[in-house]
Amino acid sequence: MEVVIVPDAAAGGELIATAIADLLTRKPDALLGVATGSTPLPIYTALAAKVRSGAVDAARARICQLDEYVGLPAGHPESYRSVVLREVVEPLGLGESSFLGPDGNAADITAACEAYDQALADTGGVDLQLLGIGTDGHIGFNEPCSSLASRTRIKTLTEQTRIDNARFFDDDIDRVPHHVITQGIGTILDARHLVLLATGAGKAEAVAATVEGPVSALVPASALQLHRHATVVVDEAAAAHLKLADYFRATYAAKPHWQGL
Ligand code: GLP
């Protein structure tokens with residue numbers, strides 16, 4: 001696992017957007033797995049700017065979703081499908097045909113989860129999966145004690161995650177769905193490159209447990225330790241509890257430029 005400590009969220013967004021641009025240059029039809037929440041927004045802003053300036057051509061890129069609420073009405077502005085279309089797909093100049101996501105309104109949710117896992121495999125797999133992290137260490141919506149081998153499935157949110165996400169629902173926790181569909185941890189680990197961005201002091205404890213703690217279902221993000229190409233990008237505030245912060249800084253400062261992320 002590589003840990004990169006950046007000064008702030010904007011620097012993290014720029015660094016990761018550059019890595020995505022490099023990927024699209026090497027593989028124009030790359031499948032990019034995207035995350036929701038506030039943290040990855042600087043990545044999408046920086047990437048869209050690169051597309052507008054002509055620094056990268058994303059016309060053949062494909063975008064897929066990490067997770068979704070169950071039961072929000074189709075077109076609800078806070079469904080993750082709506083968020084990804086609004087924050088990623090449209091700013092990159094792509095259309096819905098470039099987008100893949102699970103159906104949070106399916107009559108048969110189990111079948112929809114299996115179909116999504118299969119659809120991801122049928123595309124040839126995710127080239128780069130962006131991840132945020134919950135304050136409890138969740139990735140996607142894999143809450144603590146999710147199986148590290150799990151596939152896309154329905155999960156029940158913890159009270160803490162519903163409190164954290166209430167800000168997207170007019171601060172009304174009663175409007176935050178209890179159930180979600182999420183790529184499983186095993187599904188996430190199938191991606192060729194995992195890039196987790198965490199910013200702010202509120203994520204410092206979860207980041208330390210992810211990077212330096214034991215691999216444990218209690219901290220779902222710690223499964224990144226099992227992946228052979230996982231990159232964790234953190235700002236100074238989110239790095240505050242890392243014991244090896246100086247080593248991570250020195251390693252990145254001495255990194256050969258040609259390696260990229
Ligand atoms: C939700 C999403 C996660 C995201 C997390 C953190 O739970 N399902 O993918 O990482 O929120 O969001 P934020 O970046 O806003 O803190």
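Residues numbered from 1 in each chain as written. Predicted model: local features only at pLDDT ≥ 70, side-chain atom pairs only at ≥ 80, totals over all residues. Heavy atoms only, no water.

> Would you explain the side chain of Ser 82 in this entry?
Mapped onto the elements of the fold, Ser 82 is located in helix H3 (residues 80-89). Polar contacts involving the side chain of Ser 82 include one to the main-chain carbonyl oxygen of His 76, which spans 2.7 Å. Among residues more than four places away in sequence, those in contact with Ser 82 are Gly 75, His 76 and Pro 77. (Helix = DSSP H or I, 4+ residues; strand = E, 2+ residues; numbered from the N terminus. Polar contact = N/O pair within 3.5 Å; in protein donor to acceptor, adjacent residues only side chain to side chain. Contact = heavy atoms within 4.5 Å.)

> What exactly am I supposed to notice about the nonpolar core here?
When a protein is soluble and globular, its nonpolar side chains tend to lie buried together. Grouped together as the largest cluster of nonpolar side chains are 66 residues, with contacts concentrated most on Ile 16, Ile 20, Ile 63, Leu 130, Leu 196, Val 234 and Leu 242. Sorting elements by how many residues they give to this core places helix H1 (residues 9-26) first, with eight residues. Ignoring sequence-local partners within four residues, the contact set of Leu 196 consists of Leu 131, Gly 132, Ile 133, Ile 139, Ala 221, Leu 224, Thr 231, Val 232 and Val 233. Of all hydrophobic cores here, the second largest spans ten residues; its members include Val 83, Ala 166, Phe 169 and Val 180. (Core = buried A, V, L, I, M, F, W, Y, C linked by side-chain atoms within 4.5 Å. Buried < 20%, exposed > 50% of the residue type's maximum accessible area, 1.4 Å probe, protein only.)

> What am I meant to see in the sheet that holds strand E2 (residues 31-34) here?
Pairing is parallel in the open sheet, where seven strands are placed in the order E1-E10-E9-E6-E2-E3-E5. Edge positions in the sheet fall to strand E1 (2-6) and strand E5 (99-100), since each of these pairs with one other strand and no more. Sheet analysis places E2 next to strand E3 (residues 62-65), joined by four bridges and oriented parallel. Paired with Leu 32 across the two strands is Ile 63, which belongs to E3. In the packing of H3 onto the sheet, contacts are made with E2, E3 and E5, and the angle to E3 comes to roughly 150°. (Pairing = 2+ DSSP bridges. Axes fitted to C-alpha atoms, helices over the stretch in contact; angles between N-to-C directions.)

> How do you make sense of the layout of surface pockets when you look at a structure like this?
If a probe the size of a water molecule is rolled over the atoms, the empty space left behind becomes visible. In this structure, the largest pocket occupies an estimated 440 Å³ of space. For the largest pocket, the lining is made up of 19 residues, of which Ala 19, Asp 22, Gln 259, Gly 260 and Leu 261 are closest to its centre. At six residues, H1 tops the list of elements feeding residues into the lining of the largest pocket. In this structure, the second largest pocket occupies an estimated 370 Å³ of space. Taken together, 23 residues make up the lining of the second largest pocket; nearest its centre are Gly 37, Ile 133, Gly 134, His 138 and Lys 203. Examining the composition of the lining of the second largest pocket, we find that three residues originate from one element, helix H5 (residues 159-165), more than from any other. Of the residues in the lining of the second largest pocket, the class split is seven nonpolar, twelve polar and four charged. (1 Å grid on protein atoms, 1.4 Å probe; cavity = no way out; pocket = protein on both sides within 12 Å on 5 of 7 lines; lining within 4 Å. Points joined across faces, edges and corners; volume = space filled by probe spheres on them. Nonpolar A, V, L, I, M, F, W, Y, C, P; charged D, E, K, R; others polar.)

> Teacher, can you tell me more about the sheet that holds strand E8 (residues 179-182) here?
Adjacent strands of a sheet pair through backbone hydrogen bonds, lying either parallel or antiparallel. A sheet is described by the order of its strands in space; here three strands give the open sequence E4-E8-E7, paired in antiparallel fashion. In this open sheet, the two strands that pair with only one neighbour each are strand E4 (67-69) and strand E7 (153-156). Strand-to-strand, the axes of this sheet are offset by a mean angle of 30°, without reference to chain direction. Two strands pair when backbone bridges link them, and E4 and E8 are joined in this way by three bridges, in the antiparallel orientation.

> What's the story with the pattern of salt bridges in this structure? I'm lost.
When the charged atoms of two side chains lie near each other, side chains of opposite charge can form a pair. On inspection of all chains with the given rule, the structure shows twelve salt bridges. Across the pair Arg 151 and Asp 117 runs a salt bridge, and its minimum N-O distance is 2.9 Å. A residue pair is termed long-range when its members are at least 10 positions apart, and Arg 151 in the loop between strand E6 (128-131) and E7 and Asp 117 in helix H4 (residues 109-122) qualify at 34 residues. On the accessibility criterion, Arg 151 (36% relative accessible area) is partly exposed. Measuring nitrogen to oxygen at the nearest pair gives 2.7 Å for the salt bridge that ties Asp 170 to Arg 175. Given the relative accessible area of 60%, Asp 170 is considered exposed. Through salt bridges that share partners, Lys 27, Asp 127 and Arg 192 make up one connected network. (Salt bridge = Lys/Arg side-chain N within 4 Å of Asp/Glu carboxyl O.)

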